[in-house]
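Each chain is listed here by its residues.
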Amino acid sequence: MKFNDRARLDTSQIQDRRGGGGGGGGGFGGGLGGMLPRGGGGIGKAGGGLGLLLVIGIVVWQMLSGSGGSSTSGGPTGSGPGNVLSNMRGGASGAPAQADNSQLAANCRTGADANANSDCALVAIVNSVQDYWTAEFQQSGTTYQQAPTVWFQGNASTGCGPATSGVGPFYCPADRQVYVDLSFFQTLKTQFKANDEPFTQAYVLAHEYGHHVQNLLGTSSRVGQESGPTSGSVRLELQADCYAGVWANHASTVPDASGEVLITEITDADVRAALDAAGKIGDDYIQENLGNGTADPSSFTHGTSAQRQKWFTTGFQGGNPSQCNTFDTNDLG
């Protein structure tokens with residue numbers, strides 16, 4: 001993955017809160033929206049997420065509490081993460097961290113900076129994703145509303161409740177912001193045996209912005225608290241994967257505000273890296289490898305590894321958001 005040295009970066013699309021440490025609550029602030037029942041308190045109201053670090057948090061909690069691993073089903077019902085987190089949820093403490101983009105703005109000005117600096121690369125990716133959807137909405141006669149990505153460290157206060165690093169990247173529809181602790185990408189590599197390549201990071205961010213698109217279009221409101229292999233929750237997550245693939249299809253042609261293309265090259269190796277990561281975050285993979293060793297389809301909220309790979313590929317190969325209608329098909333893969 002390469003960036004155009006001449007492209008201009010817009011750091012205003014990032015809120016860098018890493019310096020202040022955040023203001024989240026004790027224990028777990030909630031969890032990824034897609035992994036937990038929607039509604040109620042805390043991060044459970046989030047619009048969706050990859051469903052990764054939450055499982056690590058549950059495993060650690062079980063080890064410390066001596067409760068064993070048999071209940072780590074990964075689903076929002078029974079004794080899975082949804083109930084565990086609701087029991088551990090604490091109130092917010094301390095003042096919310098304030099965004100300080102001064103260093104980011106000084107360091108991340110051009111695509112050349114993105115090629116040399118990982119933080120700047122993420123800025124360029126967010127710019128590209130949002131520039132794509134801005135143009136796509138405009139072609140459809142509507143207006144895309146930008147959503148900032150909040151970088152935090154440790155914990156954060158959000159419109160969906162307090163959050164910690166353990167919830168992984170997520171989108172909060174209440175404040176229309178994407179949240180990510182950047183240490184997540186290292187955990188993705190060390191804990192999930194995936195990879196932290198730049199294009200894998202792009203897939204993660206593009207997936208979360210897929211949830212923002214769903215929120216703007218009203219798609220998210222069609223989904224309740226249900227789980228299961230054909231549930232609305234699964235369909236919502238697979239559509240976000242597909243939207244990420246659609247952006248990836250167009251990424252090497254998306255211009256910045258001055259008309260310079262932001263990303264000049266996405267290789268086959270980049271796409272394989274994203275698909276590898278998608279294969280490590282399916283419900284079945286997580287439950288079998290980080291849960292109790294058995295996949296429980298009735299608790300699925302994100303889709304299987306094969307489904308996540310399929311729908312990212314569908315978006316990438318077709319490049320058309322209309323091909324991402326996971327709600328009106330009986331063939332989810």
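Let us look at the structure shown here.

### Considering the pattern of salt bridges
Here is step 1: Counted according to the given criterion, the structure contains seven salt bridges.
Here is step 2: Glu260 is the salt-bridge partner of Arg6, the closest N and O atoms lying 3.4 Å from each other. You can see Arg6 sitting in the loop between strand S1 (2-3) and strand S2 (14-16) and its partner Glu260 sitting in the loop between helix H8 (232-250) and strand S9 (263-265), a full 254 residues away along the chain.
Here is step 3: We classify Arg6 as exposed; its relative accessible area is 59%.
Here is step 4: Looking at Glu260, the relative accessible area reads 24%, which means it is partly exposed.
Here is step 5: Two residues, Lys310 and Asp331, come together in a salt bridge whose shortest N-O distance is 3.6 Å. A residue pair is termed long-range when its members are at least 10 positions apart, and Lys310 in helix H11 (residues 305-318) and Asp331 in the segment after H11 qualify at 21 residues.
Here is step 6: A single network of salt bridges, built from pairs that share partners, joins Asp16, Arg18 and Asp119.

### Here we look at the pairing of strand S5 (residues 155-158)
Here is step 1: Residues of S5 alternate between two faces, with Ala156 and Thr158 buried on one and Asn155 and Ser157 left unburied on the opposite face.
Here is step 2: Here S5 runs beside strand S6 (residues 161-164); their pairing, made up of four bridges, is antiparallel. Considered in S6, the bridge of Asn155 is made with Thr164.
Here is step 3: The antiparallel pairing of S5 with S6 creates a hairpin that spans two residues between the two strands.

What counts as what
Residues numbered from 1 in each chain as written. Predicted model: local features only at pLDDT ≥ 70, side-chain atom pairs only at ≥ 80, totals over all residues. Heavy atoms only, no water. Salt bridge = Lys/Arg side-chain N within 4 Å of Asp/Glu carboxyl O. Helix = DSSP H or I, 4+ residues; strand = E, 2+ residues; numbered from the N terminus. Buried < 20%, exposed > 50% of the residue type's maximum accessible area, 1.4 Å probe, protein only. Pairing = 2+ DSSP bridges.

All quantities given are derived from atomic positions and should not be read as evidence of function.
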